[in-house]
Amino acid sequence: MHLPLNITLAQLNLTVGAIQANKEKILAVIAEHEGSDLIIFPELAITGYPPEDLLYRPDLYQVVSSALDEISAATENVAVAVGHPQTDGETFWNALTVFSNKRQVATYHKRKLPNYGVFDENRYFTPGDEAVVVELQGVRIGLLICEDLWSPEAARQTREAGAQILVSVNASPFEEYKYSQRLQVLSARCKETQLPLVYVNAVGGQDELIFDGNSVVLDASGDVAVHLPHCEEAVVTAHFDGVQPVKQKLPTVPDNSASIYQALVLALRDYVQKNGFPSVLLGLSGGIDSALTLALAVDALGGDKVRAVMMPYRYTADISVADAEAQAKTLGCAFDIVPIEPMVNSFMETLTPLFGNTERDTTEENLQARCRGVILMGLSNKHGSLLLTTGNKSELAVGYCTLYGDMCGGFAPIKDLPKCLVYQLSIYRNTLNPKDSPAIPERVITRAPSAELAPDQKDQDSLPPYEVLDEIIDGYAERDLSIADLVALGYSETLVKDIIRKIERNEYKRRQGAVGPKVTRRNFNKDRRYPITNHYVHTLMNSFAKNEG
Ligand SMILES: Nc1ncnc2c1ncn2[C@@H]1O[C@H](COP(=O)(O)OP(=O)(O)OC[C@H]2O[C@@H]([n+]3cccc(C(=O)O)c3)[C@H](O)[C@@H]2O)[C@@H](O)[C@H]1O
Ligand SMILES: Nc1ncnc2c1ncn2[C@@H]1O[C@H](COP(=O)(O)OP(=O)(O)OP(=O)(O)O)[C@@H](O)[C@H]1O
Ligand SMILES: NC(=O)CC[C@H](N)C(=O)O
């Protein structure tokens, strides 16, 4: 006979390195949920995730230890499971401790350390080597940490050690379609072990990572009984009748566009707020990238914290100025028009004699982008406002952006969105406004994309259609397809080789670019760490030529 059990899932937004503030947040939840039997916090809750090389600092462990003492002292009426790094001076573990009755009941060490994609846990931690099960109200609870669940072994061993309910603490980052992928994995573990699972994820933006929450309780058949919201903090108590979770009303799961959009809003808001910026600004061109970035910024921070600057030059169409102004008005943010003609002319006067008898080329185009960068950085410095840079994944892939020009900025909200996804999210965002006041003017979505750096310039003068470009980038950079694979998909060899060369040649540019949130399965940051000085592209081209010959 088991007593009813109440388990509280604390899906909190914690801040990396803010050990005292994180502890205070944890203590506040404990004080509010003393009627619960067990409160569960996310993976490495004390330090936030991922603490990266902070884990090398010996002083970190002293601060963690005194925070844990305070948490332990608050557990007179409720048990608490809290994640933290731990060391004995030589070995370092990713740990989960259960406190109850003001004492440490058990500490579990993560057995499966993720070391792929954005993860680096082998750099810091040694894997644990045993299952840990604690008994609460006569129910045996097995402890797991995030990656432990992504293969069958650890959950199976925990069941063999006597667990009747699995509890997992997590810092599982968002990417497109991650929720359904995660649910399949979790559900498989429940079916294999025939045990229910309480899965508590972190929420919040942390540099390029977004933790999307979506904590769940699954029953022993792998069906969802409790589901916490996407990209919001939430503390929810799940009720267990014996070892069976009682089903609660489930929230609607946002579709692909909504889930990405909300994740980007969270990432932007947390980056700005956690880094202490009072406001943001951006260059608003009348094009779709800056328009979507503006909508995200206003949704994240409110119009009063956002400034848009239109900086026309002689190639800027009147409709670009009109659309930029209309959008800023609809979204209620500050808007300035600052023509760059005098600046460009002055630079050209100085540079022309130095250029000698050279032809006009992208140098002159880059100068326009750089004049805009100087204006925006001046405003950023003067007002302490963070400059948002507006490049998307397709442009950054092929280097279609100017260093120290439109790449100026401290955060890049859409850097991991291929251009086609920029369109998809813009169309989605417009469904949230009344038809007569779209968040993004319709013409911005329907007109042909242009950098407006030369007369009548269109992106497609230098690049293939974005549907094609995005497919090739996805195939080559995200799925590691070969030239032959891409040609077999129907793309011309010349085009495939040209895009691959551009991708490889522009690693240096991406490396200098601002940080921004991961959305795709493989971003150009932690997920794909390519050398800058790198001749593999020649190897690739040569070996393809040989295969063909
Ligand atoms: N491996 C390497 N390591 C370090 N630095 C390297 C490098 N290779 C070149 N560089 C340096 O980088 C410089 C070239 O880079 P950069 O100055 O950026 O200029 P670049 O890549 O030559 O030109 C920028 C391109 O982006 C297009 N654009 C610009 C602005 C906005 C948009 C848009 O639609 O959004 C498009 C523009 O039309 C042009 O085709 C060279 O002068 C060289 O010194
Ligand atoms: N006339 C302009 N006024 C203000 N900012 C501009 C202007 N032109 C370019 N920018 C800034 O530089 C970025 C690069 O934009 P550009 O127009 O060159 O091409 P894009 O990548 O198609 O971007 P967008 O779709 O926003 O126009 C813009 O997103 C914007 O932030
Ligand atoms: N922190 C972790 O162990 C995360 C790894 C895991 N595979 C995930 O993305 O959910």
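No experiment lies behind these values; they were computed from the predicted model shown. Within every chain, residues take consecutive numbers counted from 1 along the sequence as written. For this description, chains carry letters from A and ligands carry numbers from 1, given in the order in which they are written. Residue-level local features of this predicted model are given only where pLDDT is at least 70; pairs of side-chain atoms are given and counted only at 80 or more, and the full residue set underlies all totals for whole chains, interfaces and linings.

*Asks:* Account for the domain arrangement of the chain, with residues named and values stated.
*Replies:* Looking at the assigned domains, one finds that the chain contains domain 1 (4-253) and domain 2 (259-463). The C-alpha-based centres of domain 1 and domain 2 are spaced at 40 Å. Residue polarity is assigned by list, with Asp, Glu, Lys and Arg as charged and Ala, Val, Leu, Ile, Met, Phe, Trp, Tyr, Cys and Pro as nonpolar; anything else, Gly included, falls into the polar class. When its residues are assigned to classes, the side of domain 1 that touches domain 2 shows four nonpolar, four polar and two charged. Start and end positions for the domains come from either an automated domain assignment or a database one.

*Asks:* Give me the UniProt feature "active site" (unreviewed entry) in the chain: which residues, what numbers.
*Replies:* UniProt records the feature "active site" (unreviewed entry) for Glu-43, Lys-110 and Cys-146 in the present numbering. Taken together, the annotated residues stretch across 104 residues yet fold into one region, lying no more than 9.9 Å apart by C-alpha. Here a helix means four or more residues in a row that DSSP labels H or I, a strand means two or more in a row labelled E, and each is numbered from the N terminus. Within the secondary structure layout, Glu-43 lies in the loop between strand E2 (38-40) and helix H2 (58-73). Given 27 C-beta atoms within a 10 Å radius, Glu-43 is considered buried. What Glu-43 contacts, discounting residues up to four positions off in sequence, is Tyr-49, Gly-83, Ile-145, Cys-146, Val-169, Asn-170, Ala-171 and Ala-202. Along the polypeptide, Cys-146 turns up in the loop between strand E7 (139-145) and helix H3 (152-160). UniProt positions are given in the numbering used here, feature names are shortened, and annotations may be inferred rather than shown by experiment. Note on burial: count the other C-beta atoms lying within 10 Å of the residue's C-beta; 20 or more is buried, 12 or fewer is exposed, in between is partly exposed, and C-beta positions come from the backbone. Residues are defined as contacting one another if the C-beta atoms placed from their backbone atoms lie within 7 Å.

*Asks:* Kindly report on the site of ligand 1, identifying the contributing residues and their values.
*Replies:* Within the structure, ligand 1 sits among 17 residues, and Thr-362, Thr-402, Leu-403, Ala-451 and Tyr-508 are positioned closest to it. For the shell around ligand 1, the element with the highest residue contribution is helix H9 (residues 362-383), accounting for four residues. Only the C-beta atom, placed from the backbone, is used; a residue is near a molecule or strand if that atom lies within 6 Å of it.

*Asks:* Break down the pairing of strand E3 (residues 79-87) for me, with residues and values.
*Replies:* Pairing between strands is defined by DSSP: at least two bridges between them are needed. As defined by bridge partners, E2 adjoins E3 across three bridges and the pair is classed as parallel. Bridge pairing links Leu-38 to Ala-79 in E3. Summarising the sheet, E3 and strand E4 (residues 92-100) pair through eight bridges and their orientation is antiparallel. Across the sheet, Pro-85 pairs through a bridge with Asn-94, a residue of E4. Connecting the antiparallel pair E3 and E4 is a turn made up of four residues, with Gly-89 showing a positive phi of about 105°.

*Asks:* Lay out the site of ligand 3 in plain terms, naming residues and giving numbers.
*Replies:* For ligand 3, the full set of nearby residues is Glu-43, Pro-114, Phe-119, Cys-146, Glu-147, Trp-150, Ala-171, Ser-172 and Pro-173. Here the shell around ligand 3 is composed, by residue class, of six nonpolar, one polar and two charged.

*Asks:* Tell me about the environment of Glu-467, and name the residues and values.
*Replies:* Secondary-structure assignment places Glu-467 in helix H14 (residues 466-478). Taking the C-beta count within 10 Å as the criterion, Glu-467 has 11 such neighbours and is therefore assigned exposed. Along the chain, Glu-467 and Ala-317 lie 150 residues apart, while their C-alpha atoms are 25 Å from each other.

*Asks:* Break down the nonpolar core for me, with residues and values.
*Replies:* Each nonpolar core comprises buried Ala, Val, Leu, Ile, Met, Phe, Trp, Tyr and Cys residues, the members being joined through C-beta atoms within 7 Å. Of all hydrophobic cores here, the largest spans 143 residues; its most connected members are Ile-40, Val-198 and Ala-297. Aside from chain neighbours lying at most four places away, what touches Val-198 is Ile-7, Leu-9, Ile-40, Ile-165, Val-167, Val-217 and Ala-238.

*Asks:* So what about the environment of Thr-75? Which residues, and what values?
*Replies:* With respect to the helices and strands, Thr-75 occurs in the loop between H2 and E3. Judged by the 21 C-beta atoms lying within 10 Å of it, Thr-75 falls in the buried class. In this structure the C-alpha to C-alpha distance between Thr-75 and Arg-156, which are 81 residues apart in sequence, comes to 30 Å. Every residue in contact with Thr-75, bar those within four places of it in the chain, is listed here: Val-80, Phe-99, Ser-100, Asn-101 and Lys-102.

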